[in-house]
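Examination of the molecular architecture
Single-letter residue listing:
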Amino acid sequence: VFHGLILARRLVGQETRYEVEVKARYRQRFPLVAREYLWVPNTCGCPALRQGGEYLLMARRHVNHEHTLNRVLLQDDGYARPWTPREARLVREAARHC
């Protein structure tokens, strides 16, 4: 779970790739760097993330069996909500208890 600023959106094949600036990490099971590519496995951009928008995102690390693909994946039914100070506070509180 992290707070990200959407910098760019690009269609790549049958997927959507967002370039994201990671602003804060709330709960992470895998390391994140300051800039990540966030992949969505469709071209409609669902969930729709607008360039310049800030979001709370719950994504997972996807690594294939051959370890040739390692990326951050946001499933089309994944958690992506506009960032607000209230949402950030709720996520921080939940992260302390989980």
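Computed from a prediction, not measured in an experiment: that's the story for all the values here. (Residues numbered from 1 in each chain as written. Predicted model: local features only at pLDDT ≥ 70, side-chain atom pairs only at ≥ 80, totals over all residues. Heavy atoms only, no water.)

Approximately 180 Å³ is the volume found for the largest pocket. Around the largest pocket sit 10 residues that line it, and Val1, Arg27, Arg29, Phe30 and Ala59 are the ones nearest its centre. Within the lining of the largest pocket, the residues separate by chemical class into 6 nonpolar, 1 polar and 3 charged. (1 Å grid on protein atoms, 1.4 Å probe; cavity = no way out; pocket = protein on both sides within 12 Å on 5 of 7 lines; lining within 4 Å. Points joined across faces, edges and corners; volume = space filled by probe spheres on them. Nonpolar A, V, L, I, M, F, W, Y, C, P; charged D, E, K, R; others polar.)

Judged from the 4 bridges that link them, strand S1 (residues 2-12) and strand S4 (residues 54-58) form a sheet pairing that is antiparallel. When the bridges of S4 are listed, Phe2 appears paired with Leu57. The sheet contact formed by S4 and strand S7 (residues 79-82) spans 4 bridges and is antiparallel. Paired with Tyr55 across the bridge in S7 is Pro82. (Pairing = 2+ DSSP bridges. Helix = DSSP H or I, 4+ residues; strand = E, 2+ residues; numbered from the N terminus.)

Let's shift gears to the nonpolar core. Judged by nonpolar contacts, the single largest core of 15 residues is most densely connected at Phe2, Tyr18, Leu38, Leu49 and Leu57. It is strand S2 (residues 15-25) that contributes the most residues to this core, 3 residues altogether. (Core = buried A, V, L, I, M, F, W, Y, C linked by side-chain atoms within 4.5 Å. Buried < 20%, exposed > 50% of the residue type's maximum accessible area, 1.4 Å probe, protein only.)

Let us now look at the packing of aromatic side chains. This model, assessed by the stated rule, comprises 0 aromatic pairs. Geometry around Tyr37 places Arg17 over its ring, the cationic atom sitting 4.1 Å from the centre. (Phe/Tyr/Trp six-rings, centres within 6.5 Å; stacked < 30°, edge-to-face > 60°. Lys NZ or Arg CZ within 6 Å of the ring centre and 35° of its normal.)

What follows deals with the sheet that holds strand S3 (residues 35-40). Strand pairing within a sheet occurs via backbone hydrogen bonds; the two strands may be parallel or antiparallel. Ordered in space as S5-S6-S3-S2-S1-S4-S7, the 7 strands form an open sheet in which the pairing is mixed. The sheet is open, and its two borders are formed by strand S5 (60-63) and S7, each paired with just one other strand. Taking the axes of each pair of neighbouring strands and ignoring which way they run, one obtains an average angle of 45° across the sheet. (Axes fitted to C-alpha atoms, helices over the stretch in contact; angles between N-to-C directions.)

Here the focus is the pattern of salt bridges. Applying the stated rule across the entire model yields 6 salt bridges. Where Glu19 meets Arg35, a salt bridge forms, and the shortest distance between an N and an O atom there is 3.5 Å. You can see Glu19 sitting in strand S2 and its partner Arg35 sitting in strand S3, a full 16 residues away along the chain. Of the residues examined, Arg35 reaches a relative accessible area of 51% and is grouped as exposed. Between Glu93 and Arg89 there is a salt bridge, and its shortest N-O distance comes to 3.5 Å. Of the two residues, Glu93 and Arg89 are both situated in helix H1 (residues 85-97); the distance of 4 residues between them amounts to about one turn of the helix. (Salt bridge = Lys/Arg side-chain N within 4 Å of Asp/Glu carboxyl O.)

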